[in-house]
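Coordinates in review
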Amino acid sequence: MPIGDYQTLMLPTLKALADGTEAPLGEIRKRVAVSGKLTDEEVSEKLPSGRQTVLANRVGWALLGMERAGLVQRVRRAVYRLTDEGGRLLSRDLDRVDDQVLATYPAFAEWQKRERQLRTKPPSECDRPKETPEETLTRAASEMRAMLEAELLDRVRGAAPAFLEQVVVDLLLSMGYGGGDADRGRVTGRSGDGGIDGTIREDALGLDEVYVQAKKYAEGNAVGEGDLRNFAGAIDAAGTTKGVFVTTARFTKSAKNYVDKSPKRIVLIDGDELARLMVRHNVGVRTRDRYEIKGIDEDYFDPDGQ
């Protein structure tokens with residue numbers, strides 16, 4: 001039978017974890033294939049890019065949605081287990097689990113809301129037939145990028161504070177600070193000092209440095225003016241004027257106003273901007289697929305150009 005879409009695969013994927021033990025992604029796919037009586041040809045079917053199988057792609061999206069709903073947990077890279085909430089859902093013996101079911105879970109609904117806010121507003125269903133193929137591709141790419149940014153920010157929020165500090169240093173180096181030389185960026189490892197978590201040497205001798213603070217907050221929290229005052233004092237004590245303050249949450253209005261009026265050159269990067277910059281500069285992400293779009297070479301068919 002043909003492979004179902006990712007929502008159709010949600011229930012089989014959930015059932016693949018029904019024994020409550022941890023299972024690697026490859027084993028989950030195998031169980032889904034067996035339960036769906038997929039043939040070897042169907043299991044091996046590739047996406048048009050040729051880089052990933054259809055089954056792997058759709059099981060991956062199914063797991064992402066159910067993880068956001070709290071039905072499954074990623075215990076480590078490519079290893080998942082069923083949560084208590086997932087077990088309760090299975091006990092309801094539903095015929096289907098899809099986005100509509102997941103939307104009844106507040107965590108998933110909030111994730112969907114944030115993802116919709118990040119993406120470019122899509123046209124209504126009645127407008128979509130008016131799209132050109134290029135417009136459809138652009139919209140789809142925008143939606144996938146927004147989902148990637150939302151997942152990336154969730155991953156960073158779920159990691160240890162020290163990981164965020166390294167992420168910020170890696171990001172600034174990838175953006176060209178310090179000439180992109182990895183030796184010019186370092187995590188200081190200090191705490192309780194007013195907020196110097198890392199430094200970037202902008203020149204080889206270290207005559208000019210950018211100081212960094214990274215504050216990991218859950219969604220809904222905010223960095224206030226007091227934190228920025230402490231940071232400004234820390235970089236002043238260090239004898240420099242440049243700083244980058246990064247948070248996985250947001251900044252209050254008073255914090256932004258303080259920075260605008262401060263003689264120090266402080267750049268603020270909130271959670272949404274952090275995720276966008278990480279994707280743009282390939283920090284924590286990698287290219288999974290490439291699609292080549294070709295068009296007519298008008299010069300080739302131009303008789304005057306022969």
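Before going into details, it helps to say that this report is about the structure given with it. Source: prediction; values computed, not measured.

1. Some words on unusual backbone geometry
A positive phi angle is found at aspartate 93, which is not glycine, with a value near 55°. In this fold, aspartate 93 is placed in the loop between helix H5 (84–91) and helix H6 (99–102). At asparagine 282, a residue that is not glycine, the phi angle is positive and equals roughly 55°. With respect to the helices, strands and loops of the structure, asparagine 282 is situated in the segment after helix H12 (271–280). Asparagine 282 gets classed as exposed once you look at its relative accessible area, which sits at 51%.

2. A word on a nonpolar patch on the surface
Taken together, the side chains of Leu137, Tyr291 and Ile293 make up a nonpolar region of the molecular surface, amounting to roughly 350 Å² of accessible area. Relative accessible area serves as the criterion here: at 47%, leucine 137 is assigned to the partly exposed category.

3. Notes on the pattern of salt bridges
Applying the stated rule across the entire model yields 15 salt bridges. Where glutamate 27 meets arginine 31, a salt bridge forms, and the shortest distance between an N and an O atom there is 3.0 Å. With glutamate 27 and arginine 31 both in helix H2 (residues 25–35) and 4 residues apart, this pair spans about one turn of that helix. Relative accessible area serves as the criterion here: at 27%, glutamate 27 is assigned to the partly exposed category. By relative accessible area, arginine 31 is classed as partly exposed at 26%. Linked through salt bridges whose partners overlap, the residues forming this network are Glu67, Arg68, Arg74, Asp154 and Arg157.

4. Side note on the sheet that holds strand S2 (residues 72–76)
The strand order across the open sheet formed by 3 strands is S1-S3-S2, and the pairing between neighbours is antiparallel. The open sheet terminates on both sides in strands that have one partner only, identified here as strand S1 (23–24) and S2. Note that S1 and strand S3 (residues 79–82) share 2 bridges and pair antiparallel. Bridge pairing in S3 places proline 24 opposite valine 79. Contacts from helix H4 (residues 54–69) reach S2 and S3, with the element oriented near 105° to S2.

5. Considerations on the environment of glutamate 22
The topology assignment puts glutamate 22 in the loop between helix H1 (10–15) and S1. Looking at glutamate 22, the relative accessible area reads 42%, which means it is partly exposed. Residues glutamate 22 and glutamine 73, 51 residues apart in the sequence, show an inter-C-alpha distance of 9.3 Å. Contact partners of glutamate 22, with chain neighbours within four places excluded, come to Val75, Arg76, Val79, Tyr80 and Arg81. A polar contact is formed between the side chain of glutamate 22 and the side chain of arginine 76, at a distance of 2.9 Å.

6. Details of the packing of aromatic side chains
The final tally for this structure, using the stated rule, is 3 aromatic pairs. Seen from their ring centres, phenylalanine 108 and tryptophan 111 are 5.6 Å apart, and the 50° between their planes marks the pair as tilted. With a gap of 3 residues between them, phenylalanine 108 and tryptophan 111 both fall in helix H7 (residues 106–118), about one helical turn apart. Like tryptophan 111, phenylalanine 108 is buried. When the centroid spacing of 5.5 Å and the interplanar angle of 85° are considered together, the rings of phenylalanine 231 and phenylalanine 245 count as edge-to-face.

7. Observations concerning the side chain of threonine 248
For threonine 248, the location among the structural elements is in the loop between strand S8 (242–247) and strand S9 (250–251). Look at threonine 248 and you get buried, because its relative accessible area is 0%. Looking at threonine 248, its side chain comes within polar contact range of the main-chain oxygen of tyrosine 217, at 2.6 Å. When sequence neighbours within four positions are dropped, the list of residues in contact with threonine 248 reads Leu153, Val156, Arg157, Leu164, Lys215, Lys216, Tyr217, Gly271 and Leu274.

8. A closer look at the sheet that holds strand S6 (residues 209–215)
With respect to topology, 5 strands assemble into an open sheet ordered S4-S5-S6-S8-S10, the strand pairing being mixed. Lying at the two open borders of the sheet, with one neighbouring strand each, are strand S4 (185–187) and strand S10 (265–269). Shown here is a sheet whose adjacent strand axes are inclined to one another by a mean of 20°, direction ignored. Pairing between S8 and S10: 5 bridges, direction parallel. Looking across to S10, one finds that phenylalanine 245 is bridged to leucine 268.

9. Section: helix H11 (residues 253–261)
Those residues of H11 lying buried are Ala255, Tyr258 and Val259. Each buried residue of H11 sits inside an arc of 95° when the element is viewed along its axis, so together they form one side. Every exposed residue of H11 that faces more than 90 degrees away from the buried side is listed here: Lys253, Asp260 and Lys261. Buried residues in H11 make contact with strand S7 (222–223), helix H10 (225–237), S9 and S10.

What counts, and at which threshold
Residues numbered from 1 in each chain as written. Predicted model: local features only at pLDDT ≥ 70, side-chain atom pairs only at ≥ 80, totals over all residues. Heavy atoms only, no water. Helix = DSSP H or I, 4+ residues; strand = E, 2+ residues; numbered from the N terminus. Buried < 20%, exposed > 50% of the residue type's maximum accessible area, 1.4 Å probe, protein only. Patch = residues over 30% accessible without salt bridge, like charges linked within 9 Å, V, L, I, M, F, W, Y side chains within 5 Å. Areas by Shrake-Rupley, 256 points an atom, 1.4 Å probe, with all protein chains shown as cover. Salt bridge = Lys/Arg side-chain N within 4 Å of Asp/Glu carboxyl O. Pairing = 2+ DSSP bridges. Contact = heavy atoms within 4.5 Å. Axes fitted to C-alpha atoms, helices over the stretch in contact; angles between N-to-C directions. Polar contact = N/O pair within 3.5 Å; in protein donor to acceptor, adjacent residues only side chain to side chain. Phe/Tyr/Trp six-rings, centres within 6.5 Å; stacked < 30°, edge-to-face > 60°. Arc of directions from axis to C-beta.

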